[in-house]
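What the coordinates show
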Amino acid sequence: MGFARACSVALVGVEGVVVEVQADLEPGVAAFTLVGLPDKSLVESRDRVRAAVVNSGAEWPQKKLTVGLSPASVPKGGSGFDLAVACAVLGAAERIDPAAIADVVMIGELGLDGRVRPVRGVLPAVLAAAEAGYRQVVVPEQTAGEAALVPGVSVLGVRSLRQLIAVLGDEPVPEEPPVDRGRPDTMLAGLMVPGAGLGTGLAPLAADGTAHRPDLADVAGQGRARKALEVAAAGGHHLLLSGPPGAGKTMLAERLTAILPPLSQQESLEVTAVHSVAGILPPGEPLISRAPYCAPHHSATMQSLVGGGNGLPRPGAVSLAHRGVLFLDEAPEFSGRALDALRQPLESGHVVVARAAGVVRLPARFLMVLAANPCPCGRHTLAGAGCECPPSAVRRYQARLSGPLLDRVDLRVEVEPVGRADLMGSGCRGESSAVVADRVREARERAAERLAGTPWTTNSEVPGHELRTRLVAAPGALMAAERDMERGVLTARGLDRVLRVAWTVADLRAAGRPDASDIAVALELRTGIQRGVPMQAGAR
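These remarks concern the structure in this document. Along each chain, numbering runs from 1 in the same order as the chain's sequence is written. Selection of residues for local features in this predicted model requires a pLDDT of at least 70, selection of side-chain atom pairs for listing and counting requires 80 or more, and totals for whole chains, interfaces and linings are taken over all residues. With hydrogens and water excluded, all non-hydrogen atoms of the structure serve as input to the side-chain values.

Considerations on the overall build of the chain
Inclusion rule: Strands here mean DSSP runs of E at least two residues long; helices mean DSSP runs of H or I at least four residues long; both are numbered from the N terminus. Residue exposure (1.4 Å probe, protein chains only): buried if accessible area is under 20% of the type maximum, exposed if over 50%, otherwise partly exposed. Contacts were defined at the residue level, with two residues in contact if any of their heavy atoms lie within 4.5 Å. Each accessible area value is a Shrake-Rupley result obtained with a 1.4 Å probe; residue values ignore everything except the protein chains displayed when judging cover.
Looking only at helices and strands, the chain features 24 helices and 16 strands. Across the 540 residues that make up the chain, the buried fraction comes to 50%. Looking at the chain alone, contacts between residues at least 24 apart form 72% of all its contacts between residues at least 6 apart. Per element, the accessible surface of the chain, about 23600 Å² overall, is 53% carbon and sulfur.

Description of the nonpolar core
For clarity, the threshold we go by: Only buried residues count toward a nonpolar core, which is a set of Ala, Val, Leu, Ile, Met, Phe, Trp, Tyr and Cys residues joined through side-chain atoms within 4.5 Å.
Ranked by internal contacts, the top residues of the largest apolar core, which has 60 residues, are Leu-239, Leu-256, Ile-259, Val-369 and Leu-525. Setting aside chain neighbours within four positions, we find Leu-256 in contact with Leu-229, Ala-233, Val-325, Leu-367 and Val-369.

What about the environment of Gln-62?
Looking at the secondary structure, you find Gln-62 in the loop between α2 (45–55) and β4 (64–70). Looking at Gln-62, the relative accessible area reads 57%, which means it is exposed. With 37 residues separating them in the primary sequence, Gln-62 and Leu-25 have C-alpha atoms 9.1 Å apart. The contact partners of Gln-62, leaving out residues within four places of it in the chain, are Gly-28 and Ala-30.

Considering the packing of helix α20 (residues 433–450) against helix α23 (residues 492–508)
So the rule is basically this: Between N-to-C directions, angles cover 0 to 180 degrees, with each direction set by a line fitted to C-alpha atoms, over the stretch in contact for helices. Two helices that cross are described as forming a left-handed crossing if the nearer one is turned anticlockwise from the farther one by less than a right angle, and a right-handed crossing if clockwise. Asp, Glu, Lys and Arg are counted as charged, while Ala, Val, Leu, Ile, Met, Phe, Trp, Tyr, Cys and Pro are counted as nonpolar; the rest, among them Gly, fall into the polar class.
Viewed as axis vectors pointing N to C, α20 and α23 meet at an angle of 120°, and their least axial separation amounts to 8 Å. Both α20 and α23 take part in a crossing whose hand is right-handed. Here α20 contributes Arg-439, Ala-443, Arg-446, Ala-447 and Arg-450 to the contact with α23, which in turn contributes Trp-503, Asp-507 and Leu-508. Looking at the contact of α20 with α23, its residues break down into four nonpolar, no polar and four charged.

Focus: the environment of Ala-225
With respect to the secondary-structure elements, Ala-225 resides in helix α9 (residues 223–235). Taking the relative accessible area as the measure of exposure, Ala-225 reaches 2% and is therefore buried. Residues Ala-225 and Leu-525, spaced 300 residues apart in sequence, show a C-alpha to C-alpha distance of 9.4 Å. Look past the residues within four positions of Ala-225 in its chain and what remains in contact with it is Leu-252, Val-413 and Val-415.

Observations regarding the packing of aromatic side chains
We count it as follows: Ring geometry is summarised as follows: Phe, Tyr and Trp rings, the Trp one being its six-membered ring, pair when their centres sit within 6.5 Å, and such pairs are stacked at plane angles under 30 degrees, edge-to-face over 60 and tilted between the two.
Summed over all chains, the structure comprises two aromatic pairs. Aromatic pair Phe-32 and Trp-60: ring centres 5.7 Å apart, planes at 40°, arrangement tilted. Placement of Phe-32 in strand β3 (residues 31–35) and of Trp-60 in the loop between α2 and β4 is noted, with a sequence separation of 28 residues between them. For the pair Phe-32 and Trp-60, one class covers both residues: buried. Ring centres of Tyr-293 and Phe-327 lie 6.4 Å apart, and the angle between their planes is 25°; on these two criteria the pair is classed as stacked. Linking Tyr-293 in strand β11 (residues 293–294) with Phe-327 in strand β12 (residues 325–328), this pair joins segments that are 34 residues apart in sequence. A residue is classified by how much of its surface remains accessible, and Tyr-293, at 10% relative accessible area, is buried. For Phe-327, a relative accessible area of 2% puts it in the buried group.

Focus on the state of the cysteines
Here is the rule we go by: Any two cysteine sulfur atoms lying within 2.5 Å of each other are counted as a disulfide.
In total, this model carries zero disulfides according to the counting rule given. Not part of a disulfide, Cys-377 finds its nearest cysteine sulfur in Cys-375, a span of 3.4 Å. Exposure remark for Cys-377: the relative accessible area of 25% places this residue in the partly exposed category.

Rendered as structure tokens:
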């Protein structure tokens, strides 16, 4: 009787569980049994592994073969277990030393000819292996760069099963023919879900960094909206842009990622792990260093926004926008259930999706930007534009954004139509994204220094209790906010959010703490009521 074991990783959402792949050979009629809650794609690995082993020059054992995936209570799916199953079988047949593979994590799909094909989710799988104490990982050659992002792990990238057998047996490693560069690499097909990037509205940069990045200087006028955009980026505050069609709401939202600071190393790993599992990680770009941008269509379902699907839930738009921007254009056109499902991740920074197959916790700390028209035809606020929507239709349209959802939005700005002078004037260009991004970076550094030693990094994350007890504003600065709260203009949550925005405004002007003018700016950005304070972007 022969026995051997190898290790692989099962992904549950964006988290991994190390799975021990055990192979047992016994005398009897030749058969191959796979146990341990495998799904359809994993059951089919029996035929893939047998053909790959034979075509790699190894002999398939003609005995009763049982392969178990432990722990058996965890659902397992995908083709990434093929490499571990093949090595466990070869170890049980004594083609390779079982001790050489006992503590090695193997991830990869096998072709019938023995080639190792890449799979999605390599980064979160290697992260899970490292957290479990494993230090040796074998992955497909195309994803070796992605796996090498995890510190403290020795990564071996292989092109075929023959090469891996030779490495494990201390034999000469055979040369594999290189990929023909004159045509697309078919091996990369397993890394990308067809249409996933288009379906979510994601707009990643090209791998060489030459992709066009929209610049804030392209936006004509809109000083108040530009100021709100800067405050949103500096403090991580959610933003609502309302105004008639063609005023520039989408242009502003598309330029928000350009003024956000680059992701830290930890944030980059979090974002890359989510995109790798979702199958939208661009080939040749193993690490995402810039904030992602996700703009789903207004016909998106609740499952596509927060996560879902058959079996274990998969990341939705809120997770794909983790550490970046989630832009909901034509927000009132989204279904009420989909919009209200955003309320929990807006507060907690993650989403918990419960299905029959299990409960998954997905990261979802994003900056939300809503864009809305004032009425169904969009001309309600334009003088002489001929809006024919009855008042009841206007009220119903605006009520599609529920009060609890809007209460979680810190900044609400009316985007006015652009005048001819601003649009056609040659000397009216506003500040570029690079200039605004420098101010945003400095403001974030001030906030991070002030919040050092706490679990928060941006002003939008600070609880209201801290803002009222430890991080207090200047004496007498809250008088206007307290009056608005007494009149019912502000709720208790609204007052906390005004304080958060005021701290961000103070950071942008390099002040030690908010004063009455900073509170006035925060109140105007939240309520839309004019307070007589300057709103120019970058004003000191």
